[in-house]
Amino acid sequence: MRRLELLRVEHRDLDSAIGALIDAGGGDQMQIARLKKRKLRLRDEITLLEDQLVPDIIA
């Protein structure tokens, strides 16, 4: 559970950082692309952990 919260915080922080770089207009496109990739990897890891917490129920 603690890991999941840390990942969510990091995901939000990355979102803010990406937005700030884009708004500033001076952001390096490669840096922004790397941050976006990291954000996607975090989203995948968050989804995986959430799926493990919720059992599959077949109706």
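For the structure itself, consult the block above.
Residues numbered from 1 in each chain as written. Predicted model: local features only at pLDDT ≥ 70, side-chain atom pairs only at ≥ 80, totals over all residues. Heavy atoms only, no water.

Participant: Help me understand helix α1 (residues 2-24), please; the structure alone is not making it clear to me.
Facilitator: Working note: α-helix, 3.6 residues per turn, so residues spaced by three or four point in the same direction. Its 23 residues place the ends of α1 33 Å apart at the C-alpha level, agreeing with the 33 Å of an ideal helix rising 1.5 Å per residue. For α1, the set of buried residues is L4, L7, H11, L14 and I18. G25 sits one or two positions beyond α1 and adopts a positive phi of about 75°. (Helix = DSSP H or I, 4+ residues; strand = E, 2+ residues; numbered from the N terminus. Expected span 1.5 Å × (residues − 1). Buried < 20%, exposed > 50% of the residue type's maximum accessible area, 1.4 Å probe, protein only.)

Participant: Sorry, what's going on with the pattern of salt bridges here?
Facilitator: A pair can form between side chains of opposite charge whenever their charged atoms are brought close. In this structure the tally under the stated criterion is six salt bridges. Linking R8 and E5 is a salt bridge whose minimum nitrogen-to-oxygen distance equals 3.1 Å. Separated by three residues within a single helix, R8 and E5 lie in helix α1, roughly one turn from each other. In this structure, R38 and E10 form a salt bridge, with 3.0 Å as the shortest nitrogen-oxygen distance. Of this pair, R38 sits in helix α2 (residues 29-53) while E10 is found in helix α1, placing the two residues 28 residues apart along the sequence. A cluster of three or more residues bridged by salt bridges with shared partners is formed by E5, R8, R43 and E50. (Salt bridge = Lys/Arg side-chain N within 4 Å of Asp/Glu carboxyl O.)

Participant: What am I meant to see in the nonpolar core here?
Facilitator: As a rule of thumb, soluble globular proteins bury nonpolar side chains together. Ranked by size, the top nonpolar core spans eight residues in total: L4, L7, L14, I18, I32, L35, L42 and I46. Only α1 and α2 provide two or more residues apiece to this core. (Core = buried A, V, L, I, M, F, W, Y, C linked by side-chain atoms within 4.5 Å.)

Participant: What is the right way to read a nonpolar patch on the surface from this model?
Facilitator: The grouping of M1, L53 and V54 at the surface amounts to a nonpolar patch, some 360 Å² of accessible area in total. Positionally, M1 belongs in the segment before α1. Judged by its relative accessible area of 73%, M1 is exposed. (Patch = residues over 30% accessible without salt bridge, like charges linked within 9 Å, V, L, I, M, F, W, Y side chains within 5 Å. Areas by Shrake-Rupley, 256 points an atom, 1.4 Å probe, with all protein chains shown as cover.)

Spatial relationships are all this shows, so hold off on functional conclusions.
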